[in-house]
Amino acid sequence: EILGASAVCVRARPPSDRCGMASLGRAAVSGCRGGRRRVRPIDTVEVHGQPCRSFASYRQKREAQAEKIAGLPEVRRLKEFREKLGQGSCALPEARPHAVTFQEAGLRGQDVQLALEAGLATFLLHAQSRVANFCGEGFYTIGPCGEELLGGVGLALRPTDASALHYRHLSTSLVRALMSGKSMDQVLLDRARGFCVSTQDPVGGGHHCLLGGGANDFLVTSTLASQSCPAVGRAAGLRLAHHLKIERPLLPPDAVSYVSLGDGSVNNAHFLSAINLAEYMQHRGFQCPVVFGISDNGLCISLKGDGWLDRFAEQRLGMPVFYADGNSLASVYKATHDAAEHARRRRVPATVIFSGITRRFGHAATDRQEAYLTQAEIEAAEDHDALAGECARAVAQGVASYPQLLGRLEELEGMVQKAFDEASEEPKITSREACLSFNCQPLVPKAQVAKEAAGLRSASKVPTTPQLMRQCMTLAFNELLEAHKNLVYIGEDVQHGGYYRVTEGLHAKHGWRVADFPPDETSLLGVGIGYAQAGLVPIVEIPYAKYLDCGGDMFFEAVIMNWLSVGRKPCGMVIRLQGFDKGVFGGNYHTHNILHLPPGLDVVAYSNGPDYVRGLRHAGAQAA
């Protein structure tokens, strides 16, 4: 079959429901979220070769294995922490570079107390996630311990700022959720649902354990740095949306786009693409208020950093870099605030590095630390308790007392256990149908697209003579650009008309809505994701079908976003590709016509102009 030209569409929102739930939400309710509580089956195990019913609930399993659970490192260290609070013996941390007092940082007492609560909750949630995993009831164990004081980031950002958080930065997420008005009970239950992969999890719906849940929180998969390029796209997109004066933008014009990652991730190609594009935009004078937050714990799972991050920042980063002591709440807050306000005022990129962090309890429950660390190193990491040090600092500066902190810890511990007890009893995804129901948004009815197209044709000049295919394509793109103010066309060499003159004249007519980007498919597709999340509808041109492979990770990220967010945060966009017949011209990168077809993707491929126009109209309507 001849593949003359094709458009790939990632569906955005259903026509009848702009929030993106509509019929998908109803399908999920009938499939796996019924009104009645699921009856939990009794597990059957063998004891001395004989079948025996095991304990049915997480609470019973936890109580039955209390002695073994008490030996888990997280549980032992939590007990020690509780004793230190009771004795008032938390040690004040030694003075470090970038250290400041709460007052010098501009933190109020209530801000410190909120961040400390989030830090306590972070420790408790992590410990309970390991206990739940030990009992066979928890399924996500990547640990945030050692980074509890990054709650200062949540205090420094505005609620209206965009945020995409590295999976270890739980405390930042908790602070943002609490500042949005959610109760601690609800926040803890939602997090427990994520650890237990409950279908009631408001973020991932049982598909994956994800941070976020707020209106301006964007999901991050468990990858090294794939969150980086979309964050640049959101930063540029929120400013472009303001410039285009689109109605109901998803992000305010004075927002910044914050994205965080670990120190090992600075080596990842996604991050390198992101910082290159952010600095390129600043060089060209385009507004891009993005802030990269990098937590440095000196380990990329088992690979030691050996001071590379400091060298990297010195050699590679042209944007301003702000430094914080990751063991000081005040320092984290001040550096993040300064970086965010620099980006906000000047509308340029910035980076903040949280240094001196120690990773406690390994990367995850499956992490074999003894294979790459000595026992002395493992114990030293467990001994380094930044949260205990911050409690001592809060007491010394008159913000809290040890009895208050101990009382709140014990109260939160009971709340966390209750949350896990409830979440572990909630239904999980158990059917293929339930999993498939969130692959993509429902199709826009053909009649609706035809009606809109008829109105557009009546308002524009329709050629009366036969047109070349490329001319039909140009007319179709122009039609969409004229009809939708929030639609943009981005790619490589598209401003002058492209390799085959398909976009000829569009830049002159529509200005920066038709724009060239550097030849890097990873950042190009990542910006497309970010643009969509900022309220724009991007058409992303990839020069040839094979070039899609160069941005493959971002392509799959865009496609999976509807499934990952259970339909709440779809990523509508059109990817325009072209290929040649059987692949007999040029080299591999110009003739390869194979497309990956992951679930959630719509593909239209035509070899003549009129059909292509009809297909593009449907793709545009579906992406919008």
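An account of the accompanying structure is given in this report. Keep in mind the model is a prediction, meaning the values are calculated, not measured.

Scanning the protein from N- to C-terminus turns up 24 helices and 15 strands. Each of the 624 residues in the protein was classed as buried or not, and the buried ones make up 57%. Of all intrachain contacts in the protein linking residues separated by at least 6 positions in sequence, the fraction that spans at least 24 positions is 80%. Only carbon and sulfur atoms are counted for the fraction: they give 53% of the accessible area of the protein, which is about 26,000 Å².

Let's shift gears to helix α10 (residues 228-244). Over its 17 residues, α10 runs 24 Å from end to end, which matches the ideal 24 Å to within 8%, given 1.5 Å per residue. Most of α10 sits out of view: 15 of its 17 residues are buried.

Attention now goes to the packing of aromatic side chains. By the definition in use, this model includes 15 aromatic pairs. Each ring, one from Phe477 and one from Tyr612, has its centre 6.5 Å from the other, and the planes form 70 degrees; the classification is edge-to-face. Of this pair, Phe477 sits in helix α19 (residues 469-483) while Tyr612 sits in helix α24 (residues 609-623), and the two are 135 residues apart along the sequence. Summarising the burial analysis for this pair, Phe477 and Tyr612 share the class buried. Note on Tyr499 and Tyr500: the rings are 6.4 Å apart at their centroids and 90 degrees apart in plane angle, and the pair reads as edge-to-face. Every member of this aromatic cluster is reached through a ring pair, and the members are Phe271, Phe292, Trp308 and Phe312. Just above the ring of Tyr58 sits the side chain of Arg62; from NZ or CZ to the centre is 4.8 Å. The ring of Phe218 has Lys569 lying over it, and the distance from NZ or CZ to the ring centre is 4.9 Å.

Within the open sheet, the 5 strands sit side by side as β4-β5-β6-β10-β9. Their pairing is parallel. Two strands close off the open sheet at either side, each with one partner strand: β4 (162-164) and β9 (321-325). Taking each pair of neighbouring strands and ignoring which way they run, the sheet shows an average axis angle of 20 degrees. Bridge analysis of β9 against strand β10 (residues 350-355) gives 5 bridges, and the strand direction is parallel. Paired with Tyr323 across the strands is Ile353, a residue of β10.

Definitions and cut-offs
- Residues numbered from 1 in each chain as written.
- Predicted model: local features only at pLDDT ≥ 70, side-chain atom pairs only at ≥ 80, totals over all residues.
- Heavy atoms only, no water.
- Helix = DSSP H or I, 4+ residues; strand = E, 2+ residues; numbered from the N terminus.
- Buried < 20%, exposed > 50% of the residue type's maximum accessible area, 1.4 Å probe, protein only.
- Contact = heavy atoms within 4.5 Å.
- Areas by Shrake-Rupley, 256 points an atom, 1.4 Å probe, with all protein chains shown as cover.
- Expected span 1.5 Å × (residues − 1).
- Phe/Tyr/Trp six-rings, centres within 6.5 Å; stacked < 30°, edge-to-face > 60°.
- Lys NZ or Arg CZ within 6 Å of the ring centre and 35° of its normal.
- Pairing = 2+ DSSP bridges.
- Axes fitted to C-alpha atoms, helices over the stretch in contact; angles between N-to-C directions.

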